[in-house]
Amino acid sequence: MECDKCGRDAVMHAGYSGAHLCENHFCASVEKRVRGRIRKDSLVPRDATPEDPEHWVIGLSGGKDSVVLTHILDDTFAKDPRIEMTALTIHEGIEGYRDESVDACVELAEELQMRHELVTYEEEFGVRMDDVAEEDPENMAPCAYCGVFRRDLLENYAEEFGADKMLTGHNLDDEAETALMNVLEGDVEQMAKHFDASLGPFDERNPTEEFVPRAKPLRDIPEKEVALYAHLKDLPAHITECPHASEAFRGEIQELMLDLEDRHPGTRHSIMSGYEEMAGLAADRYRSADDADLNDCERCGSTTARDVCRKCRLLESIRAV
Ligand code: SF4
Ligand code: ZN
C-alpha cells in the first residue's frame, strides 16, 4: 500500500479514517492530533508568560504512552518560555517490572534534558506493591490499593512542585474503555467526576480548587498508533505488563471494544464524542453538591470526603498485618 500523501510505502492503515500513511506522514499526523487536542482543551492558558510560566507535571511511567507524550510535549514546548515541564515517575515496588521502566524514564529525561523526579511507595509509605499484593489485608485487587497510592503521590507532588496541571498518557482506547465502563455500570456521578477531573476542555470544567487538574493530550490517538509511533521514533519505552494487573472488568471491555472497532471502525471515536457531551451534562448536575463535603484528612492532610482519607485507611490495614 502507498501513502495517500506522498506515494511512499505506507506503514499503517487507519480503519476509522481509511488513511494509509508512510512513516513521516504517520508521525506528523500523530503530532498534529496531539497538538490539536492541546489547543482544543485549552491547556496553554492565555495569560501564561515567560515571567509567569505555566508548569506541567508529566506522569512518566516509562510505558509507551507516557514516553510518547513526554517526547511530543518536549518537541512542541521545550523552547517555549511560557511552559515549564517536570517529569514525575512513581516506583511502586514491583520486582522485575518497575526497575526496567524507571531506566527508560531516566534515559528519556536525560536525552531531553527535562527535569525528572522519582518517588517510591517504599520511601513515601513504607510499602512495596509486591508485599501488598501478597498480604492483601482488604481482600481486593492489587490495583485497587495501587491506584489510591498513585493518585495520592501524583496529587501531592504536583502540588509540591507548584504544578498548574498534571498531564498523563491515557490514549483513545483507555478513555473509551473508561467511558464504556461508566456507562455499563450506570455510574453517572463517576462520569461527572471524569469530566471535571481530567476529560473536559479546561474552559468547560469546574475543577475543585483542592485538586491539581489533569489532562490527557493523547486521548485522540488509538493505542496501536501510540505503540507504532514509539517504535518508529525508537523511543526508550518499556513494554512488559505489570504482574499484578488485575482489572478483570476492564479486560472484558477491552476485548469487546477491539471486536467492535474491528467490525465497525470508528466506534472508539464515536463513543468518546457522545460520552464527553453526556459527562459534561452530568458534571453540571453533580458539581455544586460535591464541593461542600470536602475536608482535610486528620492524618495526612489530603483532601477527602471523610475524616481519614482512603490512603491512610489502607496503609493502616496493611501495617496491621
Ligand atoms: Fe499498580 Fe495495578 Fe498498575 Fe500494577 S497494574 S502498577 S498493581 S495499578
Ligand atoms: Zn490521609
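What counts and what doesn't
- Position numbers for residues count from 1 along each chain, tracking the sequence in the order it is written.
- To read the labels, note that chains go from A and ligands from 1, taken in the order they are written.
- In keeping with the model being predicted, local features are shown solely for residues with a pLDDT of at least 70 and side-chain atom pairs are shown and tallied solely at 80 or more, while totals for entire chains, interfaces and linings include all residues.
- Think of the side-chain values as coming from all heavy atoms in the structure, minus any hydrogens and water.
- The way it works is that DSSP assigns letters per residue, a run of H or I at least four long becomes a helix, a run of E at least two long becomes a strand, and they are numbered from the N terminus.
- Radius of gyration: over C-alpha atoms. The globule rule applied is 2.2 Å multiplied by the number of residues raised to the 0.38 power.
- Partly exposed residues are those whose accessible area sits between 20% and 50% of the maximum for their type, while under 20% is buried and over 50% is exposed, using a 1.4 Å probe and protein chains only.
- The contact definition used throughout considers only heavy atoms, calling two residues in contact when any of these lie within 4.5 Å.
- Reported accessibility uses the Shrake-Rupley method at a 1.4 Å probe radius. Residues are deemed covered only where the shown protein chains occlude them.
- For Na, K and Ca the donor cut-off is 3.2 Å, while for other metals it is 2.8 Å, and in both cases only N, O and S atoms qualify; water is not among them, so sites may look incomplete.
- When four donors show all angles between 85 and 135 degrees the site is tetrahedral, when four or six donors have opposite pairs over 155 degrees and all other angles between 65 and 115 it is square planar or octahedral respectively, and in every other case it is irregular.
- UniProt positions are given in the numbering used here, feature names are shortened, and annotations may be inferred rather than shown by experiment.
- To estimate the expected span of a helix, subtract one from its residue number and multiply by 1.5 Å.
- Directions pointing from the helix axis toward each C-beta atom define the arc.
- Between Lys or Arg on one side and Asp or Glu on the other, a salt bridge is scored when a side-chain nitrogen of the former is within 4 Å of a carboxyl oxygen of the latter.

As annotated in an unreviewed UniProt entry, the chain is TIGR00269 family protein from Halogeometricum luteum.

Helix and strand content of the chain: 12 helices and 9 strands. Taking 321 residues into account, the globule formula puts the C-alpha radius of gyration at 20 Å, and the chain, at 20 Å, falls close to it. Put simply, the chain has 321 residues, and 50% of those count as buried. Sequence-distant contacts, at least 24 apart, represent 72% of the contacts inside the chain between residues at least 6 apart. Split by element, the accessible area of the chain, about 16,300 Å² in all, is 46% carbon and sulfur.

Let us now look at the coordination of the zinc ion (ligand 2). In this structure, Cys297 (SG), Cys300 (SG), Cys309 (SG) and Cys312 (SG) serve as the protein donors to the zinc ion (ligand 2), at separations of 2.2 to 2.4 Å. Each of the 4 donor atoms around the zinc ion (ligand 2) contributes to a set of angles spanning 104 to 115°, which defines the coordination as tetrahedral. Along the chain, the residues that donate to the zinc ion (ligand 2) are spaced as C-x2-C-x8-C-x2-C. On the basis of relative accessibility, which here comes to 5%, the residue Cys297 falls in the buried class. On the basis of relative accessible area, Cys300 is assigned to the partly exposed category, the value being 34%.

Annotation from UniProt places "domain: tRNA(Ile)-lysidine/2-thiocytidine synthase N-terminal" (unreviewed entry) at residues 56–192. As a span, residues 56–192 carries 57% helix and 16% strand, and end to end its C-alpha atoms are 24 Å apart.

Once that is clear, we can look at helix H3 (residues 98–112). A turn of α-helix holds 3.6 residues, and therefore any two residues three or four places apart point the same way. Counted at 1.5 Å a residue, the expected span for H3 with its 15 residues is 21 Å, and the 21 Å between its end C-alpha atoms agrees. Within H3, the full set of buried residues consists of Arg98, Ser101, Val102, Ala104, Cys105, Leu108, Ala109 and Leu112. Buried residues of H3, seen end-on, are gathered within an arc of 155° and therefore sit on one face of the element. Within H3, the exposed residues directed more than 90 degrees away from the buried face are Asp103, Glu110 and Glu111. On its buried face, H3 is in contact with helix H2 (64–77), strand S4 (83–91) and strand S5 (115–120).

Here we come to the pattern of salt bridges. Any two side chains of opposite charge can pair, so long as their charged atoms come close to each other. Considering all chains together, one arrives at 24 salt bridges under this definition. One salt bridge in this structure joins Glu225 and Arg33, with 2.8 Å as the shortest N-O distance. Of the two residues, Glu225 sits in helix H9 (residues 223–232) while Arg33 sits in helix H1 (residues 23–40), which places them 192 residues apart along the sequence. Residue classification places Glu225 among the buried positions, given a relative accessible area of 5%. By relative accessible area, Arg33 is classed as partly exposed at 23%.

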